[in-house]
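# Observations on chain architecture
Here's the letter readout for the chains.
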Amino acid sequence: MQMTRQEVGKLLAKQGILIAFVVFMIGFALANQRFIGIDNVAGVIRSSAILGVMALGVTFVVIGGNLDLSVGSMMSFSTIVVLDLHDKIGPALAIPAMFALTLCLGAFIGFLVGYLKLNSLIVTLGMLSAIHGLTLTWSGGKNMDIADKAGTWFSFFGQDRIMGIPVPILIFALLAAGLTLLLSKTPFGRKVYAVGGNGQAATFSGIPRARVVFYTYLISAFCVAVAGLLQASRSLGSQNTVGQGMELEVLAAVILGGASLLGGSGTVFKTVIGVLILGFIQNGLLLVGLDFYVQYIVTWAIIILAVWLDVAAKRGRLWSPIA
Amino acid sequence: MTDQTPVLRLEGIVKTFPGVRALDGVSFDVRPGEVHALMGENGAGKSTLMKVLGGIHAPNEGQIFIGEEPVIVTSPKQAKAKGVVFIHQELSLADELTVAENIFLGELPLKSFGRVDWGKLYDDTNAILKTLNVGFDAKTRVGDLSIANQQMVEIGRALTVSPRAVIFDEPTASLTDAEKVVLFEVIAGLQAKGVGIIYISHRMEEIFKITDRISVLRDGQYRGTVNTADTNEDEVTKLMIGRSLDLSRSPVTHELGEVALEAQGLSCGDLFEDVSFKLHKGEVLGFYGLVGAGRTEIAETIFGLRTPSAGKILLNGQEVRISSPIDAVRQGISLVPEDRKDQGLVLGMNCRDNMTLPQVDDLTAGPFVSDGAEIAIFDQYRDKLDIRTPGWRQTVGNLSGGNQQKIVIGKWLSMRPDVLIVDEPTRGIDVGSKSEIHNLIRELAAQGYAVIVISSEMPEVLRVSDRIVAMFNGHVMREFTSEEVTEDNLIQAISGLSDAAA
């Protein structure tokens, strides 16, 4: 069976990310045997967990038809706050306090984007900067460290294992499973798809669009708080900029997974796949001996490729003279 | 009347779209110095014909002649270069630019190095404005002009070439009587220069006042051309509508129930004012009027999408406050909106999820949506409405217009509403599905539903309604029972003719 050029284009548009991923994996595996070793694979998943947890939340925001560029900066905030409060009020209180503060930030964004209907790109880009300022104000610009690193149970979330499985991977998996149910099985999940797919039709169907958007940002903030907890617990000390730049990696993972930037499509499972693809590619680049900094460029290229293929899949070909 | 070679001639124009013969052998000509009316109901093929003339659609068969030269039109710009220009109903002007820039948009006079020759631009524009006899000049910002004057700018655009044929599409739709007089003078001026004019309008009064001949389209077919002087409104209406209306109208065969919905002096800013009506159970109340008469806005107000500025809404005799669609749905009001694709459906979702969307909160087992309950509802209404789809997993965007509309209707019927409002029930739907939907609406009324149908198509509103509310310019002009209504008095009412004061 001979494929026409058009059919090849269509296949590339639809499955391009997967094909690119397979090519990458084979290339990396040939270049370095260690790449597909069990230790390396487990390592990649573990180091992807924090990014992955954040991507789960952003998946809801993106399916609801909006963007969230504030998650990196918000994660720095959560990390700094929980580390600071750890020594002041103890871990048992510090954790819920940090969650409450992070959720407040999410609620504020949700209010602006959902109820005031402001453009999410502008709001969250602004919040990226504003939250960074808030973090620096909180910490006075200094690194935050737990005084007694050996004597706290706080390291459990980031460093311990349960039945041999690192806790961050467990938390990532549990959260992914829970959010899969929320998105694919509950009335709320259905509404997220409807609001992102066609907001006007959702309104005409009696769905409270503003409230649904508001909740997607709360979910995103909750995931950021979990990520901040994992980050703080793993390192027990942190700079103010620990999450810097992660918003783009998160977005890349979500889009790689196949969620449309226009809203209305995507799943939690696909996002997990997107996170793993990104993790393996970044790890592979290191293993073949490229500089750590190269991954920033590659991440950008992957975002562009994913966005292009997303549009191409919609119009059924790679290039078209009209939008 | 010296040279009688037509300025524009169409011969056997056929245009088909998948499943539709939008134009089926249209032939007529426009003589120099003539005003030639083109009439037909909505969907008769007038706009398709204009798109063929403007080169937006290529005809499948037939030939266009400009003068004696057979032409193949490829774009509006090329049509204009050949002397055929369009004055569109929807103004397509850039508000922030001056009159001169708008008139010469895309063809600004240039000096060396691509600089605009402003002096020449303003002089040329003022020369054109002078022939139009208007009270503004070339440097006026278009956004500051009245709608009527903006239309003059649009006409001015046509005069940058010396046109042979000018096509006016519903030019008086938004003009006052005084403004119409000015427009008719401009048309007479063009006539005097030997320009042929195609004049598209629904308004009989104007047609008989200013046109020389009338050509009629019905269902894409050319029904003939008559001399205006030799005919009357009845004859033209008959040509337009064709079949006898009484045959297609369903008589009221069932008892009317109590009043389900009542509006008392309902107003919403300047969109509509002092609207009162009663809707009974088991009745279809039709709202008829031109686009912009305020019908959709009334529906949106009742559905909680707009806030009324005055008046009351009573549901089953109780005054209700409806401040959002959520309220409306809770109170038992459903709206099948005018724009299926933008307002009715989430096109990327499957059939079942679209249909159950408004009640997804109630279809749960524990915290989760119950697949079984959803599929049961989908199956019930798929059978009831005869929706043809391979299965509930089918993406709604892949269905035909008629089946999409049935999904929207099913979505709202499954809510078992007390009041069902259907706005343009058959817009963009093929003829077969159209009559199915009409029958369905009649059936619903027979089952005791209180139904409002808003439509811009006269045969539709006559066919499905027990009573008809005629609207013009945001006001209820008259309410007809199915016994009193005729095409003539209905057209009069929606043209504002029976309202001498306005």
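Refer to the structure printed above.
This is a predicted model, so every value here is computed, not measured.

## Some remarks on the overall build of chain B
Along its length, chain B carries 18 helices and 22 strands. In terms of C-alpha radius of gyration, chain B reaches 25 Å, essentially the compact-globule figure of 23 Å for 502 residues. Considered along the principal axes of its C-alpha atoms, chain B spans approximately 75 × 55 × 50 Å. Across the 502 residues that make up chain B, the buried fraction comes to 54%. Contacts spanning at least 24 positions in sequence make up 65% of the contacts within chain B whose residues lie at least 6 apart. Taken as a whole, chain B presents about 21,600 Å² of accessible surface, with 48% of it coming from carbon and sulfur. Measuring between centres, the 50 positive side-chain charges of chain B sit 4 Å from its 71 negative side-chain charges.

## Considerations on the sheet that holds strand β16 (residues 333-336) of chain B
All names here are of chain B. Strand order in the open sheet made by the 6 strands is β16-β19-β20-β13-β21-β22, with mixed pairing throughout. Edge strands, defined here as strands with exactly one partner in the open sheet, are β16 and β22 (475-481). Sheet twist, expressed as the average angle between the axes of neighbouring strands with direction ignored, equals 20°. Helix α15 (residues 401-413) contacts β16 and β19 (419-423) of the sheet and is inclined by roughly 175° relative to β16.

## Digging into the interface of chain B and chain A
It is common to report an interface's size as the accessible area lost on association of the parts. If you look at the interface, chain B gives 29 residues, while chain A gives 18 residues. For the chain B and chain A pair, buried surface summed over both sides reaches about 1,800 Å², with 65% attributable to carbon and sulfur atoms. In terms of surface lost to chain A, no three residues of chain B exceed Gln343(B), Leu357(B) and Phe368(B), which account for 25% of the buried area on that side. The interface formed by chain B and chain A includes 3 salt bridges. Here Lys191(A) and Asp361(B) are joined by a salt bridge, their closest N and O atoms 2.6 Å apart. Ranked by residue count, the leading element in the side of chain B that touches chain A is helix α12 (residues 340-344) of chain B, at 4 residues. Grouping the constituent residues of the side of chain B that touches chain A by class yields 17 nonpolar, 4 polar and 8 charged.

## A look at the nonpolar core
Ranked by size, the top nonpolar core spans 97 residues in total, and within it Val53(A), Met54(A), Leu56(A), Phe154(A), Leu179(A) and Val250(A) carry the most contacts. When neighbours within four sequence positions are excluded, Val250(A) is seen to be in contact with Leu51(A), Met54(A), Ala55(A), Val58(A) and Val71(A). Among the nonpolar cores identified, the runner-up in size contains 63 residues, and Ala263(B), Leu285(B), Cys351(B) and Trp392(B) belong to it.

## Structural notes on the pattern of salt bridges
Applying the stated rule across the entire model yields 28 salt bridges over all chains. With its nearest N and O atoms 2.6 Å apart, the salt bridge here joins Glu436(B) to Lys406(B). Of this pair, Glu436(B) sits in helix α16 (residues 431-446) while Lys406(B) sits in helix α15; the two residues are 30 residues apart in sequence, bridging distant segments of the chain. The network of salt bridges with shared partners includes Arg190(A), Arg352(B), Asp353(B), Asp371(B) and Glu374(B).

## Details of the pairing of strand β14 (residues 310-315) of chain B
Residues and elements named next belong to chain B. Sheet topology places strand β11 (residues 259-268) next to β14; 5 bridges connect them, and they run antiparallel. Along β14, the bridge assignment pairs Ala263 with Ile313. Hairpin connection of β14 to strand β15 (residues 318-320): 2 residues between the antiparallel strands, including Asn316 at a positive phi of 50°.

## Considering the packing of aromatic side chains
One pass over the full model with this rule turns up 15 aromatic pairs over all chains. Ring centres 5.5 Å apart and planes at 55° place the aromatic pair Phe99(A) and Phe222(A) in the tilted group. Residue Phe99(A) is found in helix α4 (residues 91-115), and its partner Phe222(A) is found in helix α10 (residues 209-235); the two are separated by 123 residues along the sequence. Over the ring of Phe65(B) we find Arg9(B), and its NZ or CZ is 4.1 Å from the ring centre. Cation over ring: Lys139(B) sits above Tyr122(B), and NZ or CZ is 4.9 Å from the ring centre.

What counts, and where the lines are drawn
- Residues numbered from 1 in each chain as written.
- Chains lettered and ligands numbered in written order.
- Predicted model: local features only at pLDDT ≥ 70, side-chain atom pairs only at ≥ 80, totals over all residues.
- Heavy atoms only, no water.
- Helix = DSSP H or I, 4+ residues; strand = E, 2+ residues; numbered from the N terminus.
- Rg over C-alpha atoms; globule rule 2.2 N^0.38 Å.
- Buried < 20%, exposed > 50% of the residue type's maximum accessible area, 1.4 Å probe, protein only.
- Contact = heavy atoms within 4.5 Å.
- Areas by Shrake-Rupley, 256 points an atom, 1.4 Å probe, with all protein chains shown as cover.
- Lys, Arg positive; Asp, Glu negative; His and termini not counted.
- Charge placed at Lys NZ, Arg CZ, Asp CG, Glu CD.
- Pairing = 2+ DSSP bridges.
- Axes fitted to C-alpha atoms, helices over the stretch in contact; angles between N-to-C directions.
- Buried area = accessible area lost by both parts, 1.4 Å probe.
- Salt bridge = Lys/Arg side-chain N within 4 Å of Asp/Glu carboxyl O.
- Nonpolar A, V, L, I, M, F, W, Y, C, P; charged D, E, K, R; others polar.
- Core = buried A, V, L, I, M, F, W, Y, C linked by side-chain atoms within 4.5 Å.
- Phe/Tyr/Trp six-rings, centres within 6.5 Å; stacked < 30°, edge-to-face > 60°.
- Lys NZ or Arg CZ within 6 Å of the ring centre and 35° of its normal.

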